[in-house]
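Residue strings, one per chain:
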Amino acid sequence: CRVHVPKIEIPICQLFSYSMNVRTQNMPILVQTRASVKDDRSCRVSVQIRSNLSNEGDLSDFTIVVAIPTTLRGETLKVTRGDHGVWDANQRIITWKVGNLPHGESCLVSAEALVSSAVANLIHENPFSLSPVEEKIKCPVLVRCTSEVDQLSDLSLSAVALAGSPATIVQQHTRSYRLLHRVGKT
């Protein structure tokens, strides 16, 4: 957007004003994660995401990225749930491009991999309790999405035409979220 105001005609003028109010009590998505170790020394990382029922619209451009720690053997990783899950061994991330998540709907993705030798030793030392092992497996989850009607904060913009100066005001906006969630205790 470009605005040109000749100083000779109008020495000072307000082009626009804004106010912002952050409100995070109603996040647009709900994230549940779980890392669970099986007896055969493999680990399943599951992520379930639901579009919040308080959303007014659908979420689009929905992408889930899960970072896989070195406590899991990347060369054994398999995407077990979720269409189009892509494993990037160099970055140690799995990316699911879900696309659209309708209002109130949920999406479940998961992957499995063998645990590292250090974690396998910890399983051997704690055969009756996998909780200490599962605490060692932290998988950050990044979720990106766009909404046409819902937002995390309020931003109001206003513009007023100056007397004697014609103006056209066009509003165009997109709301986008980038949320980071880490697998905690199960």
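What counts and how
Residues numbered from 1 in each chain as written. Predicted model: local features only at pLDDT ≥ 70, side-chain atom pairs only at ≥ 80, totals over all residues. Heavy atoms only, no water. Buried < 20%, exposed > 50% of the residue type's maximum accessible area, 1.4 Å probe, protein only. Helix = DSSP H or I, 4+ residues; strand = E, 2+ residues; numbered from the N terminus. Core = buried A, V, L, I, M, F, W, Y, C linked by side-chain atoms within 4.5 Å. Contact = heavy atoms within 4.5 Å. Pairing = 2+ DSSP bridges. Axes fitted to C-alpha atoms, helices over the stretch in contact; angles between N-to-C directions. Arc of directions from axis to C-beta.

Trainee: Hey, could you run me through unusual backbone geometry in this one?
Mentor: The phi torsion of most residues other than glycine is negative, and most of the peptide bonds are trans. In the Ramachandran plot, D61 falls in the positive-phi region, its phi being about 50 degrees despite a non-glycine side chain. Assessed through its relative accessible area of 54%, D61 is described here as exposed. Phi is positive for R92, close to 55 degrees, though the residue is something other than glycine. With respect to the helices and strands, R92 occurs in the loop between β6 (85–88) and β7 (93–101).

Trainee: Help me understand the nonpolar core in this model?
Mentor: Considering soluble globular proteins, one finds that nonpolar side chains tend to be buried as a cluster. Of all hydrophobic cores here, the largest spans 30 residues; its most connected members are C43, I49, F62, I64, V66 and L72. Listing elements by their share of this core, those giving two or more residues are β2 (29–37), β3 (42–51), β4 (59–67), β7, β8 (106–114), α1 (117–125) and β9 (140–147). Apart from the residues within four sequence positions on either side, I49 is in contact with I29, L30, V31, F62, I64, L101, E105, S106, C107 and V143.

Trainee: Explanation requested: the sheet that holds β2 in the structure shown.
Mentor: Pairing between the strands of a sheet comes from backbone hydrogen bonds, and it takes one of two forms, parallel or antiparallel. If you walk across this open sheet you meet the 4 strands as β2-β3-β8-β5, and the pairing is antiparallel. Unpaired on one side and paired on the other, β2 and β5 (78–81) mark the two borders of the sheet. Neighbour to neighbour, the strand axes of the sheet diverge by 20 degrees on average, direction disregarded. The pairing of β2 with β3 spans 9 bridges and is classified as antiparallel. Note on β3: the bridge partner recorded for A35 is V45.

Trainee: Before we go on, may I ask you to explain α1 in this structure?
Mentor: Given 3.6 residues per helical turn, the α-helix brings residues three or four places apart onto the same face. Among the residues of α1, V119, A120, L122 and I123 are the ones counted as buried. For α1, the arc enclosing every buried residue in end-on projection is 160 degrees, short of the 170-degree limit, so these residues lie on one face. In this structure, α1 carries S117, A118, H124 and E125 as exposed residues pointing more than 90 degrees from its buried face.

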